[in-house]
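Coordinate inspection notes
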Amino acid sequence: MNLDALTDRRRLAERIRDSIRTVPDFPRPGIAFLDLCPVFSQPDLLAALAGAMSDAFSGAFDRVLAVEARGFVVGTAVARHAGRPLVLARKSGKLPGPVESVRYDLEYGSAELQIQRDALRPGERVIVVDDVLATGGTMAAAGELVRRSGATVAGCAVVVTIPGLGGERRLGAEKVFSVLPTGN
């Protein structure tokens with residue numbers, strides 16, 4: 001990464017950091033929810049975010065898998081920026097037709113993630129996009145759905161990583177790109 005790109009990424013991270021609202025005790029007591037709606041409401045900021053994520057995996061992916069719900073916003077922007085097809089990973093019962101499912105644990109409960117069985121093709125390279133990386137449960141489940149389809153996880157892209165929850169460790173060998181990486 002050249003100096004200009006590094007400076008641009010730092011500016012982007014600062015703008016995103018300044019735009020995120022932290023909502024205490026949501027959705028339950030003890031959880032500090034990161035509200036990214038102020039980021040999404042700024043078209044130039046969302047476009048810059050999509051560009052940074054897309055560029056981090058430039059030439060290394062064929063499709064974008066966006067994770068419900070806020071990952072849909074980011075994933076759509078990344079897919080549009082990169083000119084790549086978008087696939088949706090949804091909560092149970094939201095997709096028509098045959099689906100592949102994975103159950104997983106969250107930091108405040110459990111959930112099930114699904115994709116349509118024909119959404120990915122064997123051999124395709126897929127980046128998984130979401131808003132926040134916390135414990136890594138959602139990203140790991142999305143990666144499992146990609147692998148079950150015969151495709152390959154090219155990497156994971158998130159807006160922010162929450163330090164101390166082990167998300168990157170849980171994803172193991174997967175390349176993780178975070179605009180606000182652990183420790184920021």
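Preceding this paragraph is the structure being described.
An account of the accompanying structure is given in this report. (Residues numbered from 1 in each chain as written. Predicted model: local features only at pLDDT ≥ 70, side-chain atom pairs only at ≥ 80, totals over all residues. Heavy atoms only, no water.)

**A short note on the environment of Met-53**
Note the following rule: Per the convention used, a helix needs a DSSP run of H or I reaching at least four residues, while a strand needs a run of E reaching at least two, with both numbered from the N terminus. Buried means the residue's accessible area, taken with a 1.4 Å probe over protein chains only, is under 20% of the maximum for its type, while exposed means over 50%, and partly exposed covers the values in between. Two residues form a contact once any of their heavy atoms are found within 4.5 Å.
Position of Met-53 among the secondary structure elements: in helix H3 (residues 43–56). A residue is classified by how much of its surface remains accessible, and Met-53, at 0% relative accessible area, is buried. Met-53 sits 28 residues away from His-81 along the chain, and the two C-alpha atoms are 9.4 Å apart. Those residues in contact with Met-53 that lie beyond four places of it in its chain are Val-74, Val-78, Val-129, Asp-130, Ala-157, Val-158, Val-159 and Phe-177.

**A short note on the packing of aromatic side chains**
Rule in force here: Centres within 6.5 Å make a pair out of two Phe, Tyr or Trp rings, where for Trp the six-membered ring is used; the pair is then stacked when the planes are under 30 degrees apart, edge-to-face when over 60, and tilted otherwise. Geometrically, a lysine NZ or arginine CZ counts as sitting over a ring once it is within 6 Å of the ring centre and also within 35 degrees of the ring normal.
As enumerated under the stated definition, the model contains 1 aromatic pair in all. Directly above the aromatic system of Phe-57 lies the positively charged group of Lys-175, at a separation of 4.6 Å from the ring centroid.

**Remarks on unusual backbone geometry**
In this structure, the amide linkage connecting Phe-26 to the following residue, Pro-27, adopts the cis form with an omega of 10°. By the element assignment, Pro-27 lies in the loop between strand S1 (21–24) and strand S2 (32–35). For the peptide bond that leads from Glu-68 to Ala-69, omega is 0°, which places it in the cis range. By the element assignment, Ala-69 lies in the loop between strand S3 (63–67) and helix H4 (70–82).

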